[in-house]
Structures are given as C-alpha cells and as structure tokens.
Amino acid sequence: MHVPDTRAAVGELAADLGWLEDHCRAQPGLAAHAGSLRLASALTRNVIGPFLEDQPARPLHVAVVGGAGAGKSTVVNFLCGSVVAEANPQAGYTRHPTAFLPAGGATLPGTIGFLGPMRRVSEEKPANLDEDVYQVRRLQPTSAADPLGEFVVWDCPDMTTWASTGYVARLMEVAALADVVVYVASDERYNDEVPTQFLHLAVKAGKAVVCVLTKMRESDAPAMVEHFQQEVLGRLPPLPSGSIPAVPVVPFPQMPPAVRNDPAGAGAKYRVQLLNQILVQCESADAARKRTVSNAARYLATAGDGLLDVARRDLAEFDAWKGAVRVGRLDFEDRYRKEYLSGEQFRRFDRYREQLVELVELPGAGRMWGNVLWVLRAPYRWGRDTLTRLVVRPDTLNLSEKTVLDAALVGWLDGLRAEALRRTGSHPVWKAVAHGFDGRLTAEVRDRFQQAFRTFELKETDDLEATGRQLVSKLEGNPGLLYLLRGGKLTADIVVVGAVVVFTWVPSWYHILLIPLGVSATHQTAELAARGATEAARLKVRSHREELVQTTLTAPLAEWLAQWPATGGTAFEKLQQVLARVPLLIRQLEEKVTAKMTT
Ligand SMILES: Nc1nc2c(ncn2[C@@H]2O[C@H](COP(=O)(O)OP(=O)(O)OP(=O)(O)O)[C@@H](O)[C@H]2O)c(=O)[nH]1
Ligand SMILES: [Mg+2]
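A brief report on the enclosed structure follows. The numbering scheme is per chain: residues are counted from 1 as the chain's sequence reads. Numbering of ligands from 1 and lettering of chains from A proceed in the order in which they are written. Local features are withheld for residues below a pLDDT of 70 in this predicted model, meaning they are given only at 70 or higher, and side-chain atom pairs are given and counted only at 80 or more; totals for whole chains, interfaces and linings count all residues. As a rule here, side-chain values come from all non-hydrogen atoms in the structure, and water together with hydrogens is ignored.

**Some points on the overall build of the protein**
Then, in step 1: What the protein contains, in helices and strands, is 20 helices and eight strands.
Then, in step 2: Only the C-alpha atoms count toward the radius of gyration. The rule for a globule is 2.2 Å times the residue count to the power 0.38. The C-alpha atoms of the protein give a radius of gyration of 43 Å, which is well past the 25 Å a tight globule of 599 residues would have.
Then, in step 3: If one aligns the C-alpha atoms of the protein with their principal axes, the spans along those axes are about 150 × 50 × 45 Å.
Then, in step 4: In this scheme, a residue with accessible area under 20% of its type's maximum is buried, one over 50% is exposed, and one in between is partly exposed, where area comes from a 1.4 Å probe on protein chains only. Considering the protein as a whole, with its 599 residues, one finds that 48% of them fall into the buried category.
Then, in step 5: By definition, residues are in contact when any of their heavy atoms lie within 4.5 Å. Restricting to contacts in the protein with at least 6 residues of sequence separation, those with at least 24 account for 81%.
Then, in step 6: Where accessible areas are quoted, they stem from the Shrake-Rupley method and a 1.4 Å probe; at the residue level, only the protein chains shown are allowed to cover. Total accessible area on the protein stands at roughly 28700 Å², and carbon and sulfur atoms take up 57% of it.
Then, in step 7: Each charge class in the protein was averaged separately, 68 positive and 68 negative side chains, and the resulting centres sit 4 Å apart. What counts as a helix is a DSSP run of H or I of at least four residues, what counts as a strand is a run of E of at least two, and both are numbered from the N terminus. His is not counted here, nor are the chain ends, while Lys and Arg score as positive and Asp and Glu score as negative. Charged side chains are reduced to one point each, which is NZ for Lys, CZ for Arg, CG for Asp and CD for Glu.

The following block contains the structure:
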C-alpha cells in the first residue's frame, strides 16, 4: 500500500470514516455509532490535520454542549462576559454552532476540511437557522482584561437524540475541535440518557470536561452536585491513558434575570468559578493543544477497532448470506444427481451400441456369412429377448430433467427465503433479502434460470451426441482395431463351427444344433464388449452433465444471488476497503503526531 502524505492521509481517513458514518446512518439502530464515527472523522480533520499542518495552538476552543434547554446559551454568555448568545425558553432553540471569537486578532484555522461540510455564514443569522452552517462573531473589546482572551467559545445545538442527523453532526464537529468541553445539565434533566452518552464519549475521546449544573435552588446546589458526581460522573469510562477522569462540577443555580443577564457584574460570582475551572485545565495554550491532539490520536488508535465493528459485522452477515447461497447450491446439485442423473439411462446411447455391434460384422461379400449366422442365431435372439423381458425390471419412470431442475430451484429459493425471514431481525442484509423475496427477486431468479437453462439444453444435447458419435467414430477411425475385431469374431465363428464338425464327426442332427449355440456365444461376447464401451461413455456423459449443470446453471446463479444484497447501493467492496485501510491510516497518523510532538 502506498504511504500517503500527511494531508492525503488526513483526507483519506476522514473520508473513510465519513463513508462509514453514512453507511451506519442508513441502518436503524446505529445512529449513536454514526455519531461516534462523526466524532472520529472530525477529530481527524479539526484537530490532527491542523496540528500536522503547523497551525498555531492559539486560539483554544471551548465547546458548550448539553441537552435541549439545559442553559447552554446562558453559560456561553457567562463565559463571554456579556449577553452575546441567544438564550430562549424554547428548548432546542439553537440549531447550528456559533463561534464567539475573543476581541483580539485570533482566527479560526484555515486547513482544508476544517469543520467538515459546515459552511461559514458571514452575516449574522438567528440561532435557530437549521442548516449545516456555523457563524463567527467577534466579541467587543472591554476595559477589563479578558480571562478567556485566547479562547473561542462555541455555542452548540443540543444533544437530545442521536437520530437527528443535522444537530448531532454539527455538534460533533465542534466537540471534536474543543480543547475544553463544558457540559451543561439542568436539575430536572441532569441524568438524561443521550446527553450522558455524549458526555461519556467526550471523556473517552480525552477531552478536558467541565460540568455545569443549572437551574436548581441555590440551597439544593451542594446536594445536587454530589448526586451528579455519584450518578453520572461515577460511571464515566476511563481516559484513553487508562486513568480515572477528574471532572469538576460547577453549580449555576437559578438566577433572577438581572443576574443572568449581567454575567460580568451581578453574576460574576458564578462566572469566576467556571472560568477558574477552565483555566486550570489549560495552563498554557501549547500544552493544552498538545493534550487535545495526542488524546485525539490515542482515542482513534484505541477506539478504531470498535468504530469498525459495525463494518465487520456487516461483512460477516454478508458472508453468512453467501454461505446460505452456497449451501442451497450444493443441495440443488445433490438433488439433481439423486433425482435425475443416477436414474437416467440416456436411451439414445442404445443406438450407438447397436452401431458398434453392427460395425464388427463383416462388410461387403462377408455379409452373406453374417446373414447365415444371423439366421443361425435366431433361437438365441428370441430366447435372450424373452429372458430379458422376464428378468430385467422395466425402467422406473424417471422424472424429466426439467421437472427435477425446476423443483430443485424452488427448493433452493424456499430455503433462502426461510433463512432470510428467520434472521430478518438480526441484520439489514437479511431484511433486504426477505424484502427482495416479497418483491421481484424470485421472478428475477427464475428469469435468469430459464435463460441459463436454454443454454444448458443446447450444450447437453451436443454433448450427448458428440460422446455417442465419438464412441462409434473411434472404432471407425481405427481400421487396424476394426479388422482385428472383425477377424477375431470371424475366426471365433469358424473355429466354433469347425470344432463342432471335427469333434463330433460324423455329426448327427443334434450335434449340428451345437453350431447356432456356439455362434450365439461369440456374438454375445461381442455384444458384451460393446455394452461395456457404451457404459463407459454413459458414465462420461453423466459426469459431463453434472459439470454442465454446475457451470451453466448453479454457479452463475449462485454468484448472482450471493452478490444480490451488494447491488442495492450497499457497497460491500467499499466496506472491505475501509476495513483494511482505516487501521493503517490511524496508525500512520498516530506515528506522525508522536514524531511531531517530540520534535
Ligand atoms: N429560571 C432559570 N432559567 C434559566 C436559567 N438559566 C437558563 N434559564 C432559562 O432556560 C431557558 C433555556 O436556556 P438556554 O440558555 O437558551 O438553553 P440552551 O441550552 O441554550 O437551549 P437550546 O439552545 O434551546 O437547547 C431560557 O429561557 C433561559 O432564560 C436559570 O438559572 N434559571
Ligand atoms: Mg441555546
């Protein structure tokens, strides 16, 4: 595999993870996993990419996140020191991220792929504009020194359900970028499942997190903080480094509007507490950014495997489907062998056997001799035919080849359909197949089968005729052998007649009877030899036929059926590629990050 340069590696990894994210989004129940994949691709684009491309550590980024209506926009105002973000009683009001840049000259990184598909809007828009955009607003300079002078503060959309594609993706872009995540939870919904899962994800990704608990009564604050620490933070996953995360909790109790709307004045008490917690985590911009970058790389390296689980499972299910198709194919072939081939006599071959026996007879003038013997053998022929009728059972009625093949196809398809229905709940591949059987799949398979059968029919007739003709023409084309056989038979007949005459001299009428018996015996020997040759050819035709069924009918059909789930836009080939490439790219980028950290 080629080693892409840094920018290409970042681009490829982000694109692969993005493709996997879309792949997961198309499957119900995988929305949360799609969210983690988005975080991973955003970490690649927004953190690792800019770092490897020598973007400066400043400004640092603080992302304010949490459930709907938790008080995020209010917390943003406290961080910025004035009412800049739109707080709104309508929960879920903020729909796209807004960056509040410090009054100085700090700007956002300009690397390709920064914040993914989100467009920057230049003019001011209401916070409830529900589009893949982000706004950038610069704070007004104030006379007081700005404690967050090196930080961009991001007001984010809420985290209430993994299923809302737009919100979650936008939130993940900013959360990935952040050096510090401020997680806001209100007293009535501090334990909500989805925001809590998001909090876990941020911690796993190695983000520095500060929690803000809002809206409780001031007197309840200490108990509430303790409760939150136990119930929510107590269950946090360990950090990528393996250590237990230390997450500070800052209470933001209910405040009258006068306090809430004056963060730098009447609300300063709360503001300072929160700023301190953030600043404590970011002693220097360089160190903070390095931590963000190396944690991101470590997270990708450790979580990469888990991120690919879905892809692996999809491929495994796809393989299981292919396996079911293969088993069905073997059953089909087995059935054909047992129900048709083993009982089939290929009666056409009898004609060639007769031709063989005929060939050994003398041609031309010798014909007279042959005719005489034919007459002499008349009693033997009658006797043999009568005996054959008595002894040999009539052919059991063999089903026609088409009937057997059609029934085997029905069996194959029924089996696959039953398997798909049985497993339909376990994976979308099976559901798609079950759906296919409800729709056009069966008809499509039958059409293909009929087409293939026509080719098969032509080839099988050709093969039968060719093998039969070969049987006769081999002997015809070998005059030496032919004359040897004819001569041999003639000699045997003459010897038999001569022997009877000599040994019974003077023969009486009943001795003469031995002559037809003798020449019948030589003829029977010739017939047995011809029968042996024909049987060998019959066996050959049988094995050819078996091969022909496989090459023209079952193999192409199995191939088509096996690939069928991959033709509906679900690119299993791409899945395979992604599975192989992502771990390599992650390792490469991790090595590059480590190398750059140590220089
Ligand atoms: N009573 C009281 N209300 C608060 C407090 N903090 C925020 N609010 C109100 O709660 C509502 C939601 O606050 P926001 O800051 O807009 O919350 P958000 O998390 O940004 O909400 P969305 O963007 O809609 O998800 C607003 O009406 C705020 O005025 C508080 O301490 N006490
Ligand atoms: Mg808001």
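**Looking at the state of the cysteines**
Then, in step 1: In this description, the term disulfide denotes a pair of cysteine sulfurs within 2.5 Å. With the rule as written, the count across this model stands at zero disulfides.
Then, in step 2: Between cysteine 282, a free cysteine, and cysteine 211, which holds the nearest cysteine sulfur, the sulfur-to-sulfur gap is 15 Å.
Then, in step 3: Overall, cysteine 282 belongs to the buried group, its relative accessible area being 8%.

**Things to note about the coordination of the magnesium ion (ligand 2)**
Then, in step 1: The coordination sphere of the magnesium ion (ligand 2), as far as protein atoms go, consists of Ser73 (OG) and Thr94 (OG1), spread over 2.1 Å. Taken together, the positions of serine 73 in helix H3 (residues 72–80) and threonine 94 in the loop between H3 and strand S2 (98–101) put the pair 21 residues apart, joining distant regions of the chain. Like serine 73, the residue threonine 94 is buried in the burial classification. Each metal's donors are the N, O and S atoms within 2.8 Å of it, or within 3.2 Å when it is Na, K or Ca, and because water is not part of the set, sites may look incomplete.

**Quick word on the pattern of salt bridges**
Then, in step 1: Counted as salt bridges are all cases of a side-chain nitrogen of Lys or Arg within 4 Å of a carboxyl oxygen of Asp or Glu. Under the definition given, this model contains 44 salt bridges.
Then, in step 2: Residue arginine 38 pairs with glutamate 173 through a salt bridge whose shortest N-O separation is 2.7 Å. Of the two residues, arginine 38 sits in helix H2 (residues 31–52) while glutamate 173 sits in helix H4 (residues 165–177), which places them 135 residues apart along the sequence. Neither residue differs from the other here; arginine 38 and glutamate 173 are each classed as buried.
Then, in step 3: We note a salt bridge from glutamate 317 to arginine 423, for which the minimum N-O separation is 3.9 Å. In this pair, glutamate 317 sits in helix H10 (residues 309–339) while arginine 423 sits in helix H14 (residues 401–423), placing the two residues 106 residues apart along the sequence.

**Some words on helix H17 (residues 479–503)**
Then, in step 1: The terminal C-alpha atoms of H17 lie 35 Å apart, and with 25 residues this matches the ideal 36 Å at 1.5 Å per residue to within 8%.
Then, in step 2: The set of residues buried in H17 consists of Leu482, Arg486, Lys489, Asp493 and Val500.
Then, in step 3: The inward-facing, buried residues of H17 abut helix H11 (348–360), helix H12 (366–376), helix H16 (441–476), helix H18 (509–512) and helix H19 (514–563). Helix span is expected to be 1.5 Å times the residue number reduced by one.

**Things to note about the environment of alanine 562**
Then, in step 1: Looking at where alanine 562 falls in the secondary structure, it is placed in helix H19.
Then, in step 2: With a relative accessible area of 10%, alanine 562 lands in the buried category.
Then, in step 3: Setting aside residues up to four positions removed in sequence, alanine 562 forms contacts with Phe318, Trp321, Lys322 and Val325.

**Some points on the site of ligand 1**
Then, in step 1: For each residue, the test is whether any non-hydrogen atom lies within 4 Å of the molecule or strand; if one does, the residue is near. What surrounds ligand 1 is a group of 21 residues, the closest being Lys72, Thr74, Gly92, Tyr93 and Thr94.
Then, in step 2: Interatomic distance of 2.7 Å between a backbone N/O atom of lysine 72 and an oxygen atom of ligand 1.
Then, in step 3: Whenever a nitrogen or oxygen atom comes within 3.5 Å of another N or O atom, the pair is scored as a polar contact, on the condition that within protein one atom can donate a hydrogen and the other can accept it, and that pairs from neighbouring residues in sequence are kept only if both atoms are in side chains. Contact distances for ligand 1 include 2.5 Å between an oxygen atom and a backbone N or O atom of tyrosine 93.
Then, in step 4: In the complex, the protein chains occlude 86% of the 640 Å² of accessible area that ligand 1 would expose alone.
Then, in step 5: It is H3 that provides the largest number of residues to the shell around ligand 1, a total of three residues.
Then, in step 6: Throughout this entry, Asp, Glu, Lys and Arg are counted as charged residues, while Ala, Val, Leu, Ile, Met, Phe, Trp, Tyr, Cys and Pro are counted as nonpolar. The remaining residues, Gly among them, count as polar. Tallied by class, residues from the shell around ligand 1 come to eight nonpolar, nine polar and four charged.

**Observations regarding the nonpolar core**
Then, in step 1: Grouping buried Ala, Val, Leu, Ile, Met, Phe, Trp, Tyr and Cys residues that are joined through side-chain atoms within 4.5 Å yields what is termed a nonpolar core. In terms of nonpolar packing, the biggest core is built from 134 residues, with Leu39, Trp154, Val209, Cys211, Leu213, Phe228 and Trp412 touching the most fellow members.
Then, in step 2: With 32 residues, the next largest nonpolar core counts Phe100, Val153, Leu275 and Ile278 among its residues.

**Points about the packing of aromatic side chains**
Then, in step 1: To pair, rings of Phe, Tyr and Trp, with the six-membered ring standing in for Trp, must have centres within 6.5 Å; the planes then decide the type, stacked if under 30 degrees apart, edge-to-face if over 60, and tilted in the middle. Across all of its chains, the model carries 11 aromatic pairs by this definition.
Then, in step 2: Residues phenylalanine 78 and phenylalanine 252 carry aromatic rings whose centres are separated by 4.9 Å and whose planes lie at 70° to one another, so their mutual orientation is edge-to-face. Of this pair, phenylalanine 78 sits in helix H3 while phenylalanine 252 sits in strand S8 (residues 249–252), and the two are 174 residues apart along the sequence. The pair formed by phenylalanine 78 and phenylalanine 252 is uniform in burial state, with each residue classed as buried.
Then, in step 3: Here, a charge over a ring is recorded when the distance from Lys NZ or Arg CZ to the ring centre is within 6 Å and its angle to the ring normal is within 35 degrees. Above the face of the phenylalanine 51 ring, lysine 596 is positioned so that its terminal group lies 5.6 Å from the ring centre.

**Regarding unusual backbone geometry**
Then, in step 1: Omega for the peptide link from arginine 58 to proline 59 comes to -5°, which places this bond in the cis form.
Then, in step 2: Note on placement: proline 59 falls in the loop between H2 and strand S1 (60–66).
Then, in step 3: Cis geometry is adopted by the peptide bond preceding valine 506, which originates at tryptophan 505 and carries an omega value of -5°.
Then, in step 4: Inspection of the secondary structure puts valine 506 in the loop between H17 and H18.

**What about the side chain of threonine 94?**
Then, in step 1: For threonine 94, a relative accessible area of 9% puts it in the buried group.
Then, in step 2: Here the side chain of threonine 94 touches serine 73 through a polar contact of 3.3 Å, side chain to side chain.
Then, in step 3: Leave out the neighbours within four places in its chain, and threonine 94 touches Ser73, Glu86, Ala127, Asp155, Cys156, Pro157 and Asp158.

**Considering a nonpolar patch on the surface**
Then, in step 1: Residues enter patches when they are more than 30% accessible in relative terms and free of salt bridges; like-charged ones are connected within 9 Å and nonpolar ones (Val, Leu, Ile, Met, Phe, Trp, Tyr) within 5 Å. Judged by side-chain polarity, Leu387, Leu390, Val391 and Val392 come together as a nonpolar surface patch covering roughly 440 Å² of accessible area.
Then, in step 2: The residue leucine 390 is located in helix H13 (residues 378–391) in this model.
Then, in step 3: Looking at leucine 390, the relative accessible area reads 69%, which means it is exposed.

**Brief notes about the pairing of strand S7 (residues 208–214)**
Then, in step 1: Buried residues dominate S7, accounting for seven of its seven residues.
Then, in step 2: Neither face of S7 is open: one carries Ala208, Val210, Val212 and Thr214, the other Val209, Cys211 and Leu213, and all of them are buried.
Then, in step 3: Note: two strands are recorded as paired if DSSP finds a minimum of 2 bridges between them. Sheet analysis places strand S6 (residues 180–186) next to S7, joined by seven bridges and oriented parallel. Paired with alanine 185 across the two strands is leucine 213, which belongs to S7.

**Points about the sheet that holds strand S3 (residues 119–121)**
For sheets, the rule is that strands pair by backbone hydrogen bonds, running either parallel or antiparallel.
Then, in step 1: In spatial order, the strands read S3-S4-S2-S5-S1-S6-S7-S8; together these eight strands make up an open sheet with mixed pairing. The open sheet has two edge strands with one neighbour each: S3 and S8. Across this sheet, the average inter-strand angle for adjacent strands is 25°, counted without regard to direction.
Then, in step 2: Note: S2 against strand S5 (residues 151–155), three bridges, orientation antiparallel. Across the sheet, the residue bridging to threonine 98 is aspartate 155, located in S5. Each axis is a line fitted through C-alpha atoms, taken for helices only over the stretch in contact, and angles between the N-to-C directions span 0 to 180 degrees.

**Some details on the pairing of strand S4 (residues 133–138)**
Then, in step 1: Burial analysis of S4 places five of its six residues in the buried class, the great majority of the element.
Then, in step 2: Bridging between S2 and S4 involves four bridges; their strand directions are parallel. The residue bridging leucine 101 from the neighbouring strand is arginine 138, located in S4.
Then, in step 3: Inspection of the sheet shows S3 paired to S4 by three bridges, in the parallel sense. Paired with arginine 119 across the strands is valine 133, a residue of S4.

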